[in-house]
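Architecture and fold: a report
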Amino acid sequence: MSEPQGSEGTTQRLPVLEKATEPDSTPPPPPPVLEGGGEGRFWSARRVPAAVAAVLLLAAAGLFLYDIAAVRAEQPAMRWRRELAAQLAERPLDDPWVLVGAGIAAALGGWLIVLAATPGLRGVLPMRSTGSDVRAGLHREAAALVLRDRAVEVSGVQSVRVRLSRAKAEVAAVAHFRELDDVQADLEATLAEAVGGLGLARPPALSVRVRRPGKKG
């Protein structure tokens, strides 16, 4: 038997054209530029002071309204309100008890004004803005932990204590070998880089102190 001739009996592999891959010479996009430190602190909700003030005001208002409604219904006023009115009518303005009560009321009012006018949340450090609508913050404890971890990586450092505030980062290190000047220079360089890497809107000023471990016994 003879094999059939023609295009139906044969299969032919088509050539595959492969495009040579060339290395991508396009540089990566630059990182986003962080804007200046114009970001303010985060505002606290002040839930506890607001709740306490609201409950006290509600209780006082409800008590007075009940007493006024009782008087309107031809019932005698509460005894404490009669005594309070008599005391206020008889005591002069320079009476010690009147001055003490006025001082307490003024102190409470000033405290509420301070709470309303200040942002609070001192433990959250605002970070620099990346141009988006999202604001970021970093807890002071976390930032201090990052600085401590970077500091213990420096050769010669035995232990580190970091105290971080909104304006200053105080680092106290103990070096058990190497010269203290060399350890302090390395610590200042490492921590300056670490503070810049935190991305804070207002980087704290850095203060580094290095000492030898105390003598035992």
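Just so it is clear, the model here is predicted, and its values are computed rather than measured.

Helices and strands together make up the secondary structure of the protein chain, namely 5 helices and 5 strands. Overall, the protein chain shows an N-to-C arrangement of helices and strands of α-α-α-β-β-α-β-β-α-β. For the protein chain, buried positions account for 20% of its 217 residues. Intrachain contacts of the protein chain at a sequence separation of at least 6 include 60% that bridge at least 24 residues. As presented, the protein chain carries roughly 16800 Å² of accessible surface, and 60% of it is formed by carbon and sulfur atoms.

The next subject is the sheet that holds strand S5 (residues 205–211). Strand order in the open sheet formed by 3 strands is S3-S4-S5, with mixed pairing between adjacent strands. Unpaired on one side and paired on the other, strand S3 (157–164) and S5 mark the two borders of the sheet. Within the sheet, the average angular offset between the axes of one strand and its neighbour, ignoring direction, is 15°. Taken together, the 7 bridges between S3 and strand S4 (residues 168–175) define a ladder with antiparallel strand orientation. Of the residues in S4, the one forming a bridge with Val157 is Ala175. Taken strand by strand, helix H5 (residues 180–197) contacts S3, S4 and S5, and its axis lies near 155° from that of S5.

A word on unusual backbone geometry. In this structure, Glu74 takes a positive phi of about 60° despite not being glycine. Examined against the element boundaries, Glu74 turns out to sit in the loop between helix H1 (47–72) and helix H2 (79–90). With a phi angle near 75°, Arg178 is a residue other than glycine that sits in the positive phi range. Classification of Arg178 as partly exposed rests on a relative accessible area of 28%.

By volume, the largest pocket amounts to about 170 Å³. For the largest pocket, the full set of lining residues is Pro49, Val52, Ala53, Leu56, Leu57, Ala60, Leu108, Trp111 and Leu112. Put simply, the parts of the chain that give the lining of the largest pocket at least two residues each are H1 and helix H3 (96–117). Per-class residue counts for the lining of the largest pocket are 9 nonpolar, no polar and no charged.

A few words now on the environment of Gly40. Within the secondary structure, Gly40 sits in the segment before H1. Residue Gly40 is classed as partly exposed on the basis of its relative accessible area, which comes to 34%. Separated by 87 residues in the primary sequence, Gly40 and Met127 have C-alpha atoms spaced 9.3 Å apart. Ignoring any residue separated from it by four or fewer positions in sequence, one finds Gly40 in contact with Pro126, Arg135 and Arg202.

Now for the nonpolar core. Membership of the largest hydrophobic core comes to 24 residues, with the highest contact counts inside it found for Leu147, Val157, Val160, Leu187, Leu191 and Val210. Secondary-structure elements contributing two or more residues to this core are helix H4 (140–152), S3, S4, H5 and S5. For Leu187, the residues in contact, after removing those within four places along its chain, are Ala151, Val154, Val157, Ala173, Val208 and Val210.

With the rule as written, the count across this model stands at 1 aromatic pair. Their ring planes at 75° and their centres at 5.5 Å tell us that Phe64 and Trp80 sit as a pair that is edge-to-face. Separated by 16 residues along the polypeptide, Phe64 in helix H1 and Trp80 in helix H2 bring together distant segments of the chain.

Thresholds applied
Residues numbered from 1 in each chain as written. Predicted model: local features only at pLDDT ≥ 70, side-chain atom pairs only at ≥ 80, totals over all residues. Heavy atoms only, no water. Helix = DSSP H or I, 4+ residues; strand = E, 2+ residues; numbered from the N terminus. Buried < 20%, exposed > 50% of the residue type's maximum accessible area, 1.4 Å probe, protein only. Contact = heavy atoms within 4.5 Å. Areas by Shrake-Rupley, 256 points an atom, 1.4 Å probe, with all protein chains shown as cover. Pairing = 2+ DSSP bridges. Axes fitted to C-alpha atoms, helices over the stretch in contact; angles between N-to-C directions. 1 Å grid on protein atoms, 1.4 Å probe; cavity = no way out; pocket = protein on both sides within 12 Å on 5 of 7 lines; lining within 4 Å. Points joined across faces, edges and corners; volume = space filled by probe spheres on them. Nonpolar A, V, L, I, M, F, W, Y, C, P; charged D, E, K, R; others polar. Core = buried A, V, L, I, M, F, W, Y, C linked by side-chain atoms within 4.5 Å. Phe/Tyr/Trp six-rings, centres within 6.5 Å; stacked < 30°, edge-to-face > 60°.

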